[in-house]
Amino acid sequence: MSENFTARAGESSASSAKSTGRFNRTLGLAALLAVAVGLVVSQGVMVLMLQGAGMAGLGFIIPLALGYILALTYISSFSELSLMIPKAGGLGSYTEVALGHFPAILAVFSGYVVVTMFAVSAELLLVDYIINKIYPGIFPQYSVGFGLLALFTLLNLKGLDMFAKLQSVLALVMVILLLAMGLSAVGGVVVPKPEGIELTANWNAMGTEVITLVALAIWGFVGAEFVCPLVENAEQPERNIPRSMTIGVTLIFATIAIYCLGALYYVPAEQLASSSLPHYDFAKAAFGEVGLVLIAVLSVAATCSTVNTCLASIPRMLYGMAQNGQVFPQFKILSKGTQTPWVAVLFVAAITGVPMVLLADQPESIGLLLISAAIAWLLAYIITHINVIALRRRYPNIARPYKTPFYPLPQIIGIAGMLYALIYASPSAELSAQIYGAAGIVLAVVAVIAIFWVKVVMKKNLFSPEPIEKALEAE
């Protein structure tokens, strides 16, 4: 391919990021920031972060900081790719021109569709459990989780204007409550700090146990890239896509650090590490009965934000993949009024509801499913970093609205860090077989389906990248 074309293609990518005929540009920096924060801060994250703080005490700040650095590396890669190829397909659109259709389908389905299927289901079951624990007998079992799924499916069918308004409110409520609880606990504002709790009891800043907690800490930062499939809806995407993700994970780092510190003042580290609902224990110890109301509001807001973000972003990934012929063409159908990929929205809602039915009576399986799903998520991040390296080599002269600083150092650090997190993903040796087995089965099934689709339906080679002009052309 000629350098003249690559230069024109780069200009096309920048200009197409500014205008599109398919979606309305309604999402500014605040709305995109709400997306970046909204998916990351979930009940699952609150539980895992407090358990990590219980394992390492104040030393948890070390793996937390390392997880934040790894998050900045994937943000750089996603920013470069999403603005170079500004399409709703997200990771699928980037990977098909970097590595081919098979890796593209594998990356999106294993890293996002399957993760959504299990992680969001677990999130909805968690909110049902905690609401019924705080207010026993008021709501029929599982009605809260299924009710929220139905509500946000209907709201997302109304379009991104409604989504943006809801997401901004939900993200603001979450961050304010988490910061307020953390700061109030540090200051002992509501309930006096109990005596006998030693903050440095588990302090071992450079010990092996603390460093291995990087694998746990990174879960506190995954998901900010969900703003990228919304690139065709974003105002000034060259400016707002990178900023929203960077500001989002920075805000999350500060919030989690303060929240965990507050919890360590009130709940013994051993209790935080072993509790299945440490955020409930923290709220009750630091704020009494008022804390139960706070944690109920926070849990509902976090779950709603996660569900809302997934129902907005994942359908747009499927829409982009349908445009590329990688999934059923029905996923690219848009509603006339709101330009919403309504078939894809209903599909994502349906696959989220199935595990909720199957696992409704098995709450002990939620943690295993979350970790197994997270393994697939990390593989998607590794593919993202490889995409940047591959496209830098194939198209060195193409104009990029955003270029990764200090390339390729962030990609190398990101790949190494994600591999490290994969190795230490299991919290115990006893659970390793279940966790890696579940993840392996899911990836194998997705791989078989992807091979069939590429070879039989698309009639393409598995690892033959598409020319970049195909990815940039307007449908």
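*Asks:* So, the overall build of the protein chain: which residues are in play, and what are the values?
*Replies:* Along the backbone of the protein chain there are 18 helices and zero strands. Expressed as a percentage of its 475 residues, the buried residues of the protein chain come to 59%. Of the contacts made within the protein chain by residues no fewer than 6 positions apart, 84% connect residues no fewer than 24 positions apart. Accessible surface, the protein chain as shown: approximately 17,800 Å² in total, 68% of it carbon and sulfur.

*Asks:* Account for the pattern of salt bridges, naming residues and giving values.
*Replies:* Overall, the coordinates contain three salt bridges when judged by the stated rule. The closest approach of N and O atoms between Arg400 and Glu80, which form a salt bridge, is 3.2 Å. Highlighted residues: Arg400 in the loop between helix H15 (366-394) and helix H16 (409-423) and Glu80 in helix H4 (residues 61-84), separated in sequence by 320 residues. No difference in accessibility class separates Arg400 from Glu80, as the two residues are buried. Each of Glu80, Arg392 and Arg400 takes part in salt bridges that share partners, so that together they form one network.

*Asks:* Tell me about the side chain of Thr340, and please be specific about residues and values.
*Replies:* Note that Thr340 resides in the loop between helix H13 (278-323) and helix H14 (342-358). Classification of Thr340 by relative accessible area gives buried; the value is 0%. Beyond its immediate stretch of four places on either side in the chain, Thr340 contacts Asn156, Leu157, Lys158, Gly159, Arg316, Ile333, Leu334, Ser335 and Val345.

*Asks:* Can you lay out helix H7 (residues 143-157) for me, pointing to particular residues and giving the numbers?
*Replies:* Along its 15 residues, H7 runs 21 Å from first to last C-alpha, staying within 8% of the 21 Å computed at 1.5 Å per residue. Listed as buried for H7 are Val144, Gly145, Leu148, Leu149, Phe152, Thr153, Leu155 and Asn156. On an axial view of H7, the arc spanned by its buried residues comes to 165°, and they lie on one face. Positive phi shows up at Gly159, right after H7, with a value of about 110°.

*Asks:* Lay out the confidence of the model for the protein chain with the relevant residues and their values.
*Replies:* On average, residues of the protein chain score 82 in pLDDT, and 85% of them reach the 70 mark or higher. At the low end of the mean pLDDT range in the protein chain sits helix H1 (residues 3-16), at 43; at the high end sits H4, at 93. Confidence drops under a pLDDT of 50 for residues 1-21, and excluding neighbours within four residues, the segment shows 39 contacts in the predicted structure.

*Asks:* Let's hear about the packing of helix H5 (residues 91-98) against helix H6 (residues 101-134): which residues, and what values?
*Replies:* Where H5 meets H6, the closest approach of the two axes is 7 Å, and the angle between their N-to-C directions is 155°. As the angle between them shows, H5 and H6 are arranged roughly antiparallel. The hand of the H5/H6 crossing is right-handed. Taken together, the residues of H6 that come into contact with H5 (itself represented by Leu91, Gly92, Thr95 and Glu96) are His101, Pro103, Ala104, Ala107, Val108 and Tyr112. Residues that form the contact of H5 with H6 fall into these classes: six nonpolar, three polar and one charged.

*Asks:* Pulling in residues and values, what's your account of the layout of surface pockets?
*Replies:* By volume, the second largest pocket is sized at about 430 Å³. Lining the second largest pocket are 18 residues, and of these Phe109, Val113, Phe347, Val446 and Ile449 lie nearest its centre.

*Asks:* Explain H5 residue by residue, including any values.
*Replies:* H5 sits mainly inside the fold: eight of its eight residues count as buried. Within the span of H5, buried status applies to Leu91, Gly92, Ser93, Tyr94, Thr95, Glu96, Val97 and Ala98. A positive phi of about 120° marks Gly100, the residue just after H5.

*Asks:* Summarise the environment of Ser79; cite the residues concerned and give the values.
*Replies:* Within the secondary structure layout, Ser79 lies in helix H4. Put simply, Ser79 and Asn240 are 161 residues apart on the chain and 9.9 Å apart in space, counted from C-alpha to C-alpha. Excluding its chain neighbours within four sequence positions, the residues that come into contact with Ser79 are Pro242, Met245 and Tyr402.

*Asks:* Can you lay out the nonpolar core for me, pointing to particular residues and giving the numbers?
*Replies:* Judged by nonpolar contacts, the single largest core of 154 residues is most densely connected at Phe60 and Tyr112. If we skip the residues at most four places from it in the chain, Phe60 touches Met49, Gly52, Ala53, Leu213, Leu216, Ala217 and Cys260.

*Asks:* Give me empty space enclosed by the protein: which residues, what numbers.
*Replies:* Per the counting criterion, the structure on display carries three cavities of 30 Å³ or more. Approximately 60 Å³ is the volume attributed to the second largest cavity. What lines the second largest cavity is simply Val41, Val45, Met46, Met49, Leu178, Thr255, Ile256 and Tyr259. Those elements that provide at least two residues to the lining of the second largest cavity are helix H3 (43-56) and helix H11 (237-266). Across the lining of the second largest cavity, the residue classes tally to seven nonpolar, one polar and no charged.

*Asks:* Describe the packing of aromatic side chains, naming the residues involved and giving the relevant values.
*Replies:* Scanning all chains against the criterion turns up 13 aromatic pairs. Consider the rings of Phe78 and Tyr381, whose centres lie 6.1 Å apart with planes at 80°: the pair is edge-to-face. Of this pair, Phe78 sits in helix H4 while Tyr381 sits in helix H15; the two residues are 303 residues apart in sequence, bridging distant segments of the chain. Assigned by exposure class, Phe78 and Tyr381 land together as buried. Lying over the aromatic face of Tyr280, Lys133 brings its terminal NZ or CZ to 4.9 Å of the ring centre.

What counts, and where the lines are drawn
Residues numbered from 1 in each chain as written. Predicted model: local features only at pLDDT ≥ 70, side-chain atom pairs only at ≥ 80, totals over all residues. Heavy atoms only, no water. Helix = DSSP H or I, 4+ residues; strand = E, 2+ residues; numbered from the N terminus. Buried < 20%, exposed > 50% of the residue type's maximum accessible area, 1.4 Å probe, protein only. Contact = heavy atoms within 4.5 Å. Areas by Shrake-Rupley, 256 points an atom, 1.4 Å probe, with all protein chains shown as cover. Salt bridge = Lys/Arg side-chain N within 4 Å of Asp/Glu carboxyl O. Expected span 1.5 Å × (residues − 1). Arc of directions from axis to C-beta. pLDDT = per-residue confidence, 0-100. Axes fitted to C-alpha atoms, helices over the stretch in contact; angles between N-to-C directions. Parallel < 35°, antiparallel > 145°, perpendicular 65-115°, else oblique. Left-handed = near helix turned anticlockwise from the far one by under 90°. Nonpolar A, V, L, I, M, F, W, Y, C, P; charged D, E, K, R; others polar. 1 Å grid on protein atoms, 1.4 Å probe; cavity = no way out; pocket = protein on both sides within 12 Å on 5 of 7 lines; lining within 4 Å. Points joined across faces, edges and corners; volume = space filled by probe spheres on them. Core = buried A, V, L, I, M, F, W, Y, C linked by side-chain atoms within 4.5 Å. Phe/Tyr/Trp six-rings, centres within 6.5 Å; stacked < 30°, edge-to-face > 60°. Lys NZ or Arg CZ within 6 Å of the ring centre and 35° of its normal.

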